[in-house]
Amino acid sequence: MDDLQQEMHTVNEELAIECRNVYKHYGSGKNKLEVLQGLNMTVPRGAIYGLLGPSGCGKTTLLRCVLGRLKFDKGSVITCGKPPNTAGHGIPGRMVGYMPQETALFGEFTIGETLNYFGTLHRMFGKELAERKQFLLDLLMLPAARSIVGNLSGGQMRRVSFACALLQKPELLILDEPTVGVDPVLRMKIWEYLLQFANEGSTTIILTTHYIEEARQANMVGLMRNGKLLSESPPQELMDYHQMQTLEDVFLKLCMQDGTEDDVEVKAVDTAETNPIIQPEIMADQQHVDDPSGTRQLLTGPKYETFETKSRSSTQTSYINPDPPKLKISDMLPSIYNMWALILKGIIRMARNPGQVIFQFLIPAIQVILFCLCIGGDPKNLKVAVVNEDTGFLFQKFGEQFLADVDPKVIHQVPIDNLTVALDDAKAGKYWGAMYLGPDYSKDLVFRFAQTTNVTNDTIEGSSVHLYLDMSNAQISLVIQQQVLEAFETFIDEVLTKLKMNPLIASIPVIIEDPIYGSANDDLTNFMAPGVILSIIFFLALGLTALTFVIERKEGLLDRTWVAGVSATELMLAHVCTQTLIMIVQIALVMIFMFTVFHIPSRGSLALVVVMTLLQGLCGMAYGLLISALVDDEMSAMQFALGSFYPVLLLSGIIWPIQAMPKGLSYISVILPQTYASEALRAILFRGWGLSYFTVWIGYVVTIGWSIVLLILSAIILKLRR
């Protein structure tokens with residue numbers, strides 16, 4: 001806390017807000033922008049205070065400091081008797097009603113659901129909430145409570161936003177540009193409501209506007225320019241003193257004088273620092289002082305004198321805040337009411353978008369189906385040019401017999417008379433390759449096995465099948481090679497049997513025994529399946545959360561939620577809870593299609609598989625929350641999400657073993673959240689291993705660790721950005 005904030009303050013109980021010597025800047029170096037420059041503001045309780053000034057002069061920044069939504073660089077801010085964000089203080093929280101510049105409403109909600117949401121955040125339930133809702137509906141002449149907010153007109157949305165700010169009868173009501181962009185009739189009605197609330201209760205109302213003339217009905221106005229208050233006074237007395245007909249004329253005069261008379265400004269600020277209670281503009285014993293500049297003057301009058309006299313009276317009390325208040329355990333734990341309101345909000349938004357929810361349910365099943373149908377199977381109908389010049393031997397044409405054993409579903413043989421023509425056509429892309437059998441293929445094949453001690457190189461050459469392949473597609477070339485070798489094994493078994501020889505003579509002298517784990521027929525589909533399961537759930541969960549805070553921040557909803565007293569932890573946990581409902585359905589569909597429809601082997605515990613997949617989904621959500629906390633627009637969020645897809649997919653051993661990677665990349669691979677998880681799931685599914693094996697439990701530990709780290713980072717960033 002700033003040194004000034006730690007000092008003893010003399011605070012008047014009649015004041016709602018005291019800002020003393022507040023500084024705030026954005027950026028640094030050449031890009032440094034001073035937004036608030038030694039600003040002093042005093043707002044009496046129960047008054048309507050108009051904070052006036054052009055766009056960009058620092059009004060919204062000042063209000064964010066008053067609400068505890070923004071940390072200032074220097075100075076002191078007391079809101080309703082205490083610094084904002086003090087433990088147990090209702091600011092942010094129930095003590096303040098806030099209406100931002102945007103309507104900041106959930107378009108899918110009804111008016112009643114919107115008021116219920118904010119009512120729950122402010123601990124309003126049952127009869128109290130119902131009566132207050134009906135009162136506001138009648139007062140603001142709103143449509144029926146069941147009306148969808150997104151279907152309302154702009155003026156009606158403004159009034160609903162106004163109702164949300166008034167719902168809990170706040171001690172402090174802050175309206176940021178409430179009349180910007182609205183028609184004159186609605187602007188007049190908003191002021192009627194403000195005057196009515198100010199007269200009926202003790203609510204302090206602060207509103208900002210750059211429509212200066214509309215603030216003439218306020219009790220006090222503060223004229224702001226370039227991060228400073230030029231004057232703070234009742235509007236009529238301000239006009240009388242400067243002998244101007246409008247507040248706008250007064251403001252223009254003060255702006256011109258402020259830009260040329262810096263010595264007056266410095267003198268006023270120095271005087272204020274000797275008495276932190278009295279504004280520079282309300283220095284002692286002012287009685288229409290003739291100041292040539294006209295600046296820094298507050299006048300004595302009926303409204304002002306009451307406030308000025310009280311601010312120096314014996315009602316002053318000492319306020320000492322040397323140390324922050326001790327936190328209770330309840331202050332550190334998430335609020336069950338806030339969590340319930342946020343979870344219910346998520347459920348309602350899903351219910352109002354059934355098409356989107358159904359799509360979220362079906363997309364993982366569609367991805368699994370496409371993966372199982374498109375990955376791992378053998379290519380079909382591969383055209384290969386065949387040049388068979390075999391003339392036969394002893395009435396046997398072994399060349400034709402061999403070609404008959406080649407699977408016609410995989411290799412489509414196209415007979416060609418000349419090898420040169422076949423190779424030229426393959427080079428032109430008509431075929432995936434060419435096979436050539438010489439004229440003495442049958443005779444040389446017999447001699448090769450019948451006269452093993454006198455076999456010449458020419459005999460070996462003549463008894464071989466010559467295969468010319470287009471290796472531009474390695475996978476297709478590999479399939480053709482495999483099919484030709486399998487066909488030759490079948491063919492040579494038949495030939496040697498006819499020659500009354502042992503067929504095993506022609507086999508490779510390596511015996512592949514029964515596998516220790518898995519099956520001899522396992523293919524790329526089985527290898528990739530565990531990683532694909534996890535990556536589908538991980539990145540779909542990432543998509544569920546990556547835009548969460550971005551959209552709500554852009555629409556002003558997030559800012560309004562913070563002011564209502566919701567913490568970053570509550571917001572994240574509630575979102576994880578609601579999105580977990582969708583994720584559970586997604587996981588169920590993935591498991592059904594993987595293990596029941598496409599029969600991916602599962603030799604281990606299905607419970608371990610489900611838990612690992614669920615943890616990976618939570619990790620994906622945590623990563624999405626981090627992205628959402630970091631960026632401010634949808635495009636950046638999508639670039640982060642999509643940009644991380646392929647690196648994680650390629651480096652995590654999902655498509656290809658990490659043992660094939662360069663050493664440097666393998667070090668990166670092992671720290672990614674899906675590498676150990678994929679290996680663990682592969683061990684569970686294909687080896688039947690449990691948590692007693694390092695390969696399995698390390699996958700759970702790494703996944704949980706990543707989730708915790710990402711959630712903590714998200715909470716820290718959200719808190720800093722508040």
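Each value, and the rule that gives it
Residues numbered from 1 in each chain as written. Predicted model: local features only at pLDDT ≥ 70, side-chain atom pairs only at ≥ 80, totals over all residues. Heavy atoms only, no water. Buried < 20%, exposed > 50% of the residue type's maximum accessible area, 1.4 Å probe, protein only. Helix = DSSP H or I, 4+ residues; strand = E, 2+ residues; numbered from the N terminus. Pairing = 2+ DSSP bridges. Salt bridge = Lys/Arg side-chain N within 4 Å of Asp/Glu carboxyl O. Core = buried A, V, L, I, M, F, W, Y, C linked by side-chain atoms within 4.5 Å. Contact = heavy atoms within 4.5 Å. Right-handed = clockwise from strand over helix to strand, strands pointing away. 1 Å grid on protein atoms, 1.4 Å probe; cavity = no way out; pocket = protein on both sides within 12 Å on 5 of 7 lines; lining within 4 Å. Points joined across faces, edges and corners; volume = space filled by probe spheres on them. Nonpolar A, V, L, I, M, F, W, Y, C, P; charged D, E, K, R; others polar. Phe/Tyr/Trp six-rings, centres within 6.5 Å; stacked < 30°, edge-to-face > 60°. pLDDT = per-residue confidence, 0-100. Axes fitted to C-alpha atoms, helices over the stretch in contact; angles between N-to-C directions. Parallel < 35°, antiparallel > 145°, perpendicular 65-115°, else oblique.

1. Some details on the pairing of strand β2 (residues 15-26)
Counting buried positions along β2 yields 9 of 12 residues, so the element is predominantly enclosed. Relative to strand β3 (residues 33-44), β2 is paired through 8 bridges, and the arrangement is antiparallel. The partner of V22 across the bridge, within β3, is L39. Summarising the sheet, β2 and strand β5 (residues 74-79) pair through 5 bridges and their orientation is antiparallel. Paired with Y23 across the bridge in β5 is K74.

2. Quick look at the pattern of salt bridges
Within this structure, the stated rule accounts for 14 salt bridges. With a closest N to O distance of 3.4 Å, E108 and R349 form a salt bridge. Remark: R349 occurs in helix α12 (residues 336-351) and E108 occurs in the loop between β6 (96-99) and α3 (111-121); sequence separation between them is 241 residues. The salt bridge involving E552 is made with R349; its shortest N-O contact spans 3.3 Å. Here the residue E552 occupies a position in helix α20 (residues 548-554), and R349 occupies one in helix α12, the gap between them amounting to 203 residues.

3. Some remarks on the nonpolar core
Counting 126 residues, the largest nonpolar core has F162, L194 and M594 as its most contacted members. L36, C80, Y98 and I206 belong to the second-largest nonpolar core, a separate cluster that totals 32 residues.

4. Examining unusual backbone geometry
Even without being glycine, N85 reaches a positive phi, approximately 70°. Relative to the elements of secondary structure, N85 occurs in the loop between β5 and β6. Positive phi, close to 50°, is recorded for A104, a residue that is not glycine. When you line up the elements, A104 lands in the loop between β6 and α3.

5. Quick notes on the environment of F162
By the element assignment, F162 lies in helix α5 (residues 154-166). Each C-alpha atom of the pair F162 and L136 lies 9.3 Å from the other, and the pair is 26 residues apart in sequence. Each residue touching F162, except ones within four places of it in the same chain, is listed here: M99, L140, L173, L175, I190, Y193 and L194.

6. Considerations on the pairing of strand β13 (residues 411-415)
Inspection of the sheet shows strand β12 (residues 382-388) paired to β13 by 5 bridges, in the parallel sense. Across the sheet, V386 pairs through a bridge with P415, a residue of β13. Crossover handedness for the path β12 to helix α14 (residues 398-404) to β13: right-handed.

7. So, the layout of surface pockets
In this model, the second largest pocket occupies a volume close to 1,200 Å³. Together, 44 residues line the second largest pocket, and Q360, L540, L542, G543 and L544 are the ones closest to its centre. Among the elements of the structure, α12, α13 (354-374), α19 (524-545), α20, α22 (568-597) and α24 (634-651) are those that each provide at least two residues to the lining of the second largest pocket. Looking at which element gives the most residues to the lining of the second largest pocket, the answer is α19, with 9 residues. In terms of residue class, the lining of the second largest pocket is built from 28 nonpolar, 12 polar and 4 charged.

8. Some points on the packing of aromatic side chains
Counted according to the given criterion, the structure contains 17 aromatic pairs. Measuring from centroid to centroid gives 5.0 Å for Y117 and F118, while their planes differ by 70°, and the two rings are edge-to-face. For the pair shown, Y117 and F118 are each scored as buried. Taking the centre distance of 4.2 Å and the plane angle of 10° together, the rings of W689 and Y693 count as stacked. The class of Y693 is partly exposed, set by a relative accessible area of 36%. The structure contains a cluster of three or more aromatic residues connected by ring pairs, namely F538, F539, Y623, F645 and Y646.

9. Focus: the confidence of the model for the protein chain
A low pLDDT means the predicted coordinates there should not be read in detail. Chain-level statistics for the protein chain give a pLDDT mean of 82 and a share of 87% at 70 or above. Confidence drops under pLDDT 50 across residues 1-9; counting only partners more than four residues distant or on other chains, this segment forms 26 contacts. Confidence drops under pLDDT 50 across residues 260-325; counting only partners more than four residues distant or on other chains, this segment forms 131 contacts.

10. Considering empty space enclosed by the protein
Take a probe with the size of a water molecule and roll it over the atoms, and the empty space left behind shows itself. One pass over the full model with this rule turns up 1 cavity of 30 Å³ or more. Here the largest cavity is characterised by a volume of approximately 70 Å³. Forming the walls of the largest cavity are V96, G97, Y98, F118, H122, C164, Q168, R560, V563 and A564. Where the lining of the largest cavity is concerned, the elements lending two or more residues are β6 and α21 (557-563). Residues belonging to the lining of the largest cavity are distributed by class as follows: 6 nonpolar, 3 polar and 1 charged.

11. A closer look at the environment of F449
Looking at the secondary structure, you find F449 in helix α16 (residues 441-450). Exposure remark for F449: the relative accessible area of 13% places this residue in the buried category. Residues F449 and M501, spaced 52 residues apart in sequence, show a C-alpha to C-alpha distance of 8.7 Å. Contact partners of F449, with chain neighbours within four places excluded, come to I492, L496, M501 and A506.

12. Points about the packing of helix α4 (residues 126-139) against helix α6 (residues 184-200)
Where α4 contacts α6, the axes come no closer than 12 Å and their chain directions differ by 135°. Judged by the angle between their axes, α4 and α6 are oblique. Across the interface between the two elements, R132, F135, L136 and L139 of α4 pack against Y193, Q196 and F197 of α6. Looking at the contact of α4 with α6 residue by residue, the class counts come to 5 nonpolar, 1 polar and 1 charged.

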